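Take a look at the letters that make up each chain.
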4 protein chains.
Amino acid sequence: MSIAKQRAGRHFLQIPGPSNVPDSVLRAMSKAVIDHRGPDFPDITFDVLNQLKDVFNTTAPIVIYPSSGTGAWEAALVNVLSPGDKILAFETGWFATLWKNMSQKLGIEVEWVESDWRRGVDPSIVADKLAADSKKEIKAVCVVHSETSTGSMSRISKIRQAIDSTNHPALFMVDAISSLGCVEYKHDEWAVDVTISGSQKGLMLPPGLGLNALSEKALEASKLSSSRVSYWSWQEMIENNEQGVFPYTPATNLLFGLQEALKLLHGEGLANVYARHSRLAQATRIALENWGLENLCVVPEEFSDCLTAVVMPEGHDADNLRKIILEKFNMSLGTGLGKMKSKIFRIGHIGDFNELALTGTLSGVEMGLGIAGVPHTKGGINAAMEFLSNQ
Amino acid sequence: MSIAKQRAGRHFLQIPGPSNVPDSVLRAMSKAVIDHRGPDFPDITFDVLNQLKDVFNTTAPIVIYPSSGTGAWEAALVNVLSPGDKILAFETGWFATLWKNMSQKLGIEVEWVESDWRRGVDPSIVADKLAADSKKEIKAVCVVHSETSTGSMSRISKIRQAIDSTNHPALFMVDAISSLGCVEYKHDEWAVDVTISGSQKGLMLPPGLGLNALSEKALEASKLSSSRVSYWSWQEMIENNEQGVFPYTPATNLLFGLQEALKLLHGEGLANVYARHSRLAQATRIALENWGLENLCVVPEEFSDCLTAVVMPEGHDADNLRKIILEKFNMSLGTGLGKMKSKIFRIGHIGDFNELALTGTLSGVEMGLGIAGVPHTKGGINAAMEFLSNQ
Amino acid sequence: MSIAKQRAGRHFLQIPGPSNVPDSVLRAMSKAVIDHRGPDFPDITFDVLNQLKDVFNTTAPIVIYPSSGTGAWEAALVNVLSPGDKILAFETGWFATLWKNMSQKLGIEVEWVESDWRRGVDPSIVADKLAADSKKEIKAVCVVHSETSTGSMSRISKIRQAIDSTNHPALFMVDAISSLGCVEYKHDEWAVDVTISGSQKGLMLPPGLGLNALSEKALEASKLSSSRVSYWSWQEMIENNEQGVFPYTPATNLLFGLQEALKLLHGEGLANVYARHSRLAQATRIALENWGLENLCVVPEEFSDCLTAVVMPEGHDADNLRKIILEKFNMSLGTGLGKMKSKIFRIGHIGDFNELALTGTLSGVEMGLGIAGVPHTKGGINAAMEFLSNQ
Amino acid sequence: MSIAKQRAGRHFLQIPGPSNVPDSVLRAMSKAVIDHRGPDFPDITFDVLNQLKDVFNTTAPIVIYPSSGTGAWEAALVNVLSPGDKILAFETGWFATLWKNMSQKLGIEVEWVESDWRRGVDPSIVADKLAADSKKEIKAVCVVHSETSTGSMSRISKIRQAIDSTNHPALFMVDAISSLGCVEYKHDEWAVDVTISGSQKGLMLPPGLGLNALSEKALEASKLSSSRVSYWSWQEMIENNEQGVFPYTPATNLLFGLQEALKLLHGEGLANVYARHSRLAQATRIALENWGLENLCVVPEEFSDCLTAVVMPEGHDADNLRKIILEKFNMSLGTGLGKMKSKIFRIGHIGDFNELALTGTLSGVEMGLGIAGVPHTKGGINAAMEFLSNQ
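All values derive from a computational prediction rather than experimental measurement.

Definitions and limits used
Residues numbered from 1 in each chain as written. Chains lettered and ligands numbered in written order. Predicted model: local features only at pLDDT ≥ 70, side-chain atom pairs only at ≥ 80, totals over all residues. Heavy atoms only, no water. Least-squares fit on C-alpha atoms with pLDDT ≥ 70 in both. Contact = heavy atoms within 4.5 Å. Buried area = accessible area lost by both parts, 1.4 Å probe. Salt bridge = Lys/Arg side-chain N within 4 Å of Asp/Glu carboxyl O. Polar contact = N/O pair within 3.5 Å; in protein donor to acceptor, adjacent residues only side chain to side chain. Helix = DSSP H or I, 4+ residues; strand = E, 2+ residues; numbered from the N terminus. Domains from an automatic or database assignment. Nonpolar A, V, L, I, M, F, W, Y, C, P; charged D, E, K, R; others polar. Pairing = 2+ DSSP bridges. Axes fitted to C-alpha atoms, helices over the stretch in contact; angles between N-to-C directions. Phe/Tyr/Trp six-rings, centres within 6.5 Å; stacked < 30°, edge-to-face > 60°. Buried < 20%, exposed > 50% of the residue type's maximum accessible area, 1.4 Å probe, protein only. Lys NZ or Arg CZ within 6 Å of the ring centre and 35° of its normal.

Looking at the relation of the copies chain D and chain A
When chain D is fitted to chain A, the best match, at an RMSD of 0.0 Å, comes from turning it 180 degrees and sliding it 0.0 Å along the axis. Here the transformation between the copies is reduced to the relation of a two-fold axis. The rotation axis passes nearest to the C-alpha of D:Ser67 in chain D, at a distance of 2.5 Å. Both copies contact each other with a shared surface, as 100% of the interface residues of chain D are interface residues in chain A too.

Okay, structure coming up:
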């Protein structure tokens, strides 16, 4: 069977990001470029930054880089930390590991809490580790909110409490790349010092923008950092943004797209957006359960509403299944990353997504499981439909 | 429940046309307009007309109007018939009736064969009627190939045989508006004299172009017609098209779109396109059967591969169901037209469409049936999936 | 020199229509098709019709066809006239002649007032002809407002007065295809019975929509016409439009574009739009005068603000000049039509157009004149710039 | 006069970047996002990298970042230099100064050769400085090819000779952000070690991509650098690119756009592209000379073909002129940066640009000069037209 044969109709891009981009956002991105130093530009800057506030739930500064989410990680690290500083980080999965690796490359010492990729960060370990750090050497606690590689979601509020319980002065940095815009995120209430995000997940844009939301404490720390910072400098960005401009040429057309995407999110209503993600994620998990397949995440209160990682039964290759589904049903699912390679596949249910796109997705998975000979109980789709019908 | 709440994600436009338009066709339509009398235009004209030949399976002239399909009906009638001429036409459904009404408005006498909207044209009646027409007063036999209002498909090849069996000289006119590009259509082999079509179904364009494919016999007849013809004149169109131009300003950007849509159809391969439509139509009928609901079309060999009309159980309103599905699941289904108002709903499975878009569609119908309290057996979706898995 | 070599940068489409389409209109046209019978469609219909009212300056019904402007001519004729009826028409140029030809094809008798294509309709001839028609056989007076083939503009208000002066009951039909949206048009004040227009000129859309604005008198006449009307029927269109729908599938995506184009026109302000067209037209004529070339139109108060037709000096071929300008400067100018073939070229200055696009245009003409060896005085561009600077 | 009033027609974006983006590139950017880890992605990566080779004239690796050009500067610096390293840099203008500032922020010591912003880098000074560096402390010579803030272009080939003449081992880094794709650039022949570029100038894309072209020597140096590198790491980028993927999510849709833009450049032919830029730049300088205004760049063999910076006569404010031109003629010109604030304005003539867009631009400047009361001789536009006519 050739791929081409099956490529009619709309592709189902059900990886956990980049997510499906609404047509109106793609159209906004195709507007003619304008002078980023001209009189029309500041209104765009102000509008985008203003519309972002409620998505982060913050009144603190937000900065936007022409970069991937990876760049936003680097920005967070180099602005507040100095080479030789120590951070506390947790092996929730592939992306937490990459962020840890980046920290080390940047000269940061990492106290690394290993784990099995099947859960979020345990708040009690955070408390223990910080309590044990009598010299206050740990400068920051780094947590990935929704682990895009595993589908587990760390409970930021509980971790905040754990930090507070120790009275430890460490900064709190959270990677919300795949959660922002999908689940409610409370930068200020959770007293996060740096939230890192990107454009290509819940913000419903193509990749190309990295974001940091800051805190007063983070800004103070940035003044003390001995890291050599230029491109990623918050200071310059914030000063320029106050005038509606950027210290260097911004990614104009992605900002046009972001403006439209935020308008869509606010138009639907953020509460509705989050309820929709929750509803679709629950439906996915119900399908999974009914297939008799295992969720990689084993802690129910840590299930991510952004994606679901499905464990393949022993002896079955997830990438073979993904290949079958792509070729026969024109759907891309997420591959297993790092040590999960071929052991899991990931279903993204984020961004511009709805009930029937989900049932189409789940039916594709269920048919694929059958064709690939993966042991499962049919009818996951029906259980999901039953659930969705009652919402 | 507000509609807005549910309007995230891609809308499922599952009416039997206009069909979903591929993104690349929409992009082609957004190219800058060019001079339709300039040196670049003829290549577009020639390419579009050439690419259309295999879709109609004809070597005869094809003309393209800036019009709806309705306009292409009128073009067919006024070019070859004169006021007072008689045609033989068949009440296969709403569109056949509209075409009949149009004929009468244009001064044509119609021998009208009534029917129950649940089947195509009976070839034996064609033979009988023509045989009975000893004075050869019937100038044309007019048939709708795929009745978009009912989902029944008349068997053009059999009707051709019926005409031939009587040696009657009547012209043969076929409305292939919703079938062209979905099922194999053989203008030359079936000796159709005028095939009428439009852009917004299997050709995967927005509405706005009407098409006629002609025959030598039709061209001869057009010279004898006493109808007063200007906008719709084949003659002028054909003469101009030979130079790559049009007698009046063509719908430039829809032609850009048509060029791209035809490229997509030929890229997939017409045989693959038809097999896909057949496969998805069969899956739909299997779902229907498993729900225990009735297909409006009662003749299996006349099921249309373009759409399926579903009969609502007594006491249930199809438009109520459609409203629920639109509001809750962001999917548009076709309404019952004319005497089928509220008695049926129609599922379009044409154009740029694939397996998972279909299972999404069918799951939306199945959930909608449940929510609306329409008696049915669950599991139509599963039967469809079973079928699709084995293709 | 090959064309391709020169085709970098934006093409200057300076034919008098189709005009340059604003990017946002092209983007609006690339929105996904929606169900034209669904709940969202009526708002679009109502908005478009409502926004059109001020462009026509009418409170009477406006109808929109999926057609070229030629179709809108035919609609006007067949709705109110019957075969055998007589009209009074004027040879202002190529398009007036085509409209006359169409009338004759549709069985209408034409009293044809010949002219030299260098002026608009003489109101005194209108008065004379009507006064002479003691039997009131003339059913309609047909005038082209802005003759796109010549650049002369008939004075509708004066012609209205001429008609009134004779107390003749003839209908008044005006082709405003290339003037609507460029110059102020007063359908009601001028008591025009049918105004004909199209999408691709001042309305800044690609071709594909034809328009008629009606009067009460025209509607009455339409009830008495014996013409056989179906596709073009006003009656059905108006009845359906009252519900926000159309009697047959409308050209959905062109309507999306029309909605946006009207928003732009109203956003700029119609008075500003007309002032802009006047300003740019004047600048063009100033350039022309300074080149020492002749305007085809010889009556200053009849210069069209939509286009300017330039007479080539004896012995010089306009199409050779146009070819040089296209190949060397990537600009399309309008060709001479009919008997003006190769004798004139036409500069379009309509639609989405501004000062610098005009000076670019005029400089291209001036350079082309030099290269082609056409006798002229250099500096037309400077005179135009001088004028524009003082506006 | 309000801006809005004048905003009809196409905006003239004549800043020296971002440049005008061709419509087909904007459309390519509006394609649906695809899985950057899926089977279709590598072909895009390979094609883009391959098409870039001839633009850089290199067979060495090229890396593409989701970043501005500023990011590509940082990438160049941190990959090969270590904090404490010394570089030799030249004050050719604002961007050279920013790059110097960045270097210092990154801990690099800069030997800074001041200048008056009116010329490129003097090769003899390069030779002198390197010759004087007997300890070989200078690790890199950093030069901006086309200074976007001044319109002077350093002669890379001569500077290469100067370096070679001293047998100094310093790396050679060149910022070709505004020159690449506009003038012929010979990365390999000139033995440049790192060429830095961006998407938004000659590559005809919106901003958002940063590029580095490398040399074997640069790659070797990168292995020895003690800079802490993660996001900007060449190593990881090159390794991943060999498989057609990226170490982190690339800016998918900008890559779609880049692929199309490169196709356009190669379609026109790079030699034609460069000849066009040269032609249009010459025409601009001819206009300038005829106005009697001064080119900021005073060394004729260092005039940039990308932009021209015009010195305002004493007592006249460039930004006032720019404001008038923007408001009255809907054209954006480049502002004076840094110490040139209000003293110069800059005319960009890069990217998707042609003769008539240039004459439109020059006429706008000439009219603006008149309106603003800036002393000048009229007729620059005519001299430019004379020149263009003879090309």
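Further notes follow.
Quick word on the interface of chain C and chain A
Contact residues are listed per partner, giving 5 residues for chain C and 5 residues for chain A. Here chain C packs against chain A, burying approximately 390 Å² in sum over the two surfaces, 50% of which is carbon and sulfur. Joining chain C to chain A, the criterion identifies 0 salt bridges. For the pair chain C and chain A, the interface holds 0 residue pairs in polar contact (both at pLDDT 80 or more).

Remarks on the environment of C:Leu52
All names here are of chain C. Tracing the backbone shows Leu52 in helix 3 (residues 41–56). Measuring from C-alpha to C-alpha, the distance between Leu52 and Glu355 comes to 26 Å, with 303 residues separating the pair along the chain. Setting aside residues up to four positions removed in sequence, Leu52 forms contacts with Ile62, Ile64, Leu203, Leu211, Leu258 and Leu262.

What to know about the domain arrangement of chain A
Residue and element names in this part refer to chain A. When cut into domains, chain A gives domain 1 (12–18 + 270–389) and domain 2 (23–266). Here domain 1 and domain 2 have C-alpha centroids that lie 27 Å from each other. Between domain 1 and domain 2, the contact holds 31 residues from the first and 33 residues from the second. Summed over both sides, the interface between domain 1 and domain 2 buries roughly 2600 Å², with carbon and sulfur atoms accounting for 61% of that surface. A per-residue breakdown of the area domain 1 buries against domain 2 is headed by Leu270, Tyr274 and Glu302, which together make up 25% of the total. On the surface where domain 1 and domain 2 come into contact, there are 4 salt bridges. Here domain 1 and domain 2 share 12 residue pairs in polar contact (both at pLDDT 80 or more) between them. Ranked by the residues each element gives to the side of domain 1 that touches domain 2, the list is headed by helix 11 (residues 270–291), at 4 residues. Its residues assigned to classes, the side of domain 1 that touches domain 2 shows 18 nonpolar, 6 polar and 7 charged.

So, the sheet that holds strand 5 (residues 138–144) of chain B
All names here are of chain B. Reading across the sheet, the 7 strands line up as 2-10-9-8-5-3-4 and stay open at both edges, with mixed pairing between neighbours. A strand with exactly one partner marks an edge of an open sheet, and here the two such strands are strand 2 (62–66) and strand 4 (109–113). Strand-to-strand twist of the sheet, defined as the mean angle between neighbouring strand axes without regard to direction, takes the value 20 degrees. Bridge count for strand 3 (residues 86–90) against strand 5 is 4 bridges, and the pairing is parallel. The residue bridging Ile87 from the neighbouring strand is Ala140, located in strand 5. This element, helix 3 (residues 41–56), spans strand 2, strand 9 (194–198) and strand 10 (209–213) of the sheet and lies at about 115 degrees to strand 2.

Some thoughts on the relation of the copies chain C and chain A
Note that the two copies of the chain are related through a rotation about an axis and a translation along the same axis. The operation relating chain C to chain A is a screw motion whose rotation component is 180 degrees, with 0.0 Å of axial translation and a residual RMSD of 0.0 Å. A symmetric contact is evident, with 100% of the interface residues of chain C recurring at the interface of chain A.

Some thoughts on the packing of aromatic side chains
Each aromatic ring pair is specified by the distance between its two centres and by the angle formed by the two planes. According to the stated counting rule, one finds 30 aromatic pairs over all chains in the structure shown. Ring centres of B:Phe41 and B:Phe246 lie 6.5 Å apart, and the angle between their planes is 80 degrees; this geometry places the pair in the edge-to-face category. Of this pair, B:Phe41 sits in helix 3 while B:Phe246 sits in the loop between helix 9 (234–241) and helix 10 (252–268); the two residues are 205 residues apart in sequence, bridging distant segments of the chain. Considered together, B:Phe41 and B:Phe246 belong to a single accessibility category, that of buried residues. Between C:Tyr185 and C:Trp190, the aromatic rings sit 5.1 Å apart at their centres with planes inclined by 80 degrees, giving edge-to-face as the arrangement. Taken as a pair, C:Tyr185 and C:Trp190 share a single burial class, namely buried. Directly above the ring of A:Trp112 sits A:Lys100, whose terminal nitrogen or CZ lies 4.8 Å from the centroid.

Some thoughts on unusual backbone geometry
Leaving glycine out, the prevailing phi sign among residues is negative, and the prevailing peptide bond configuration is trans. Cis peptide bonds are those with omega within 30 degrees of zero, and the linkage from A:Gly17 to A:Pro18 qualifies with -5 degrees. Assignment of secondary structure puts A:Pro18 in the loop between strand 1 (12–14) and helix 2 (23–29). A positive phi angle, close to 55 degrees, is found at D:Lys136, a residue other than glycine.

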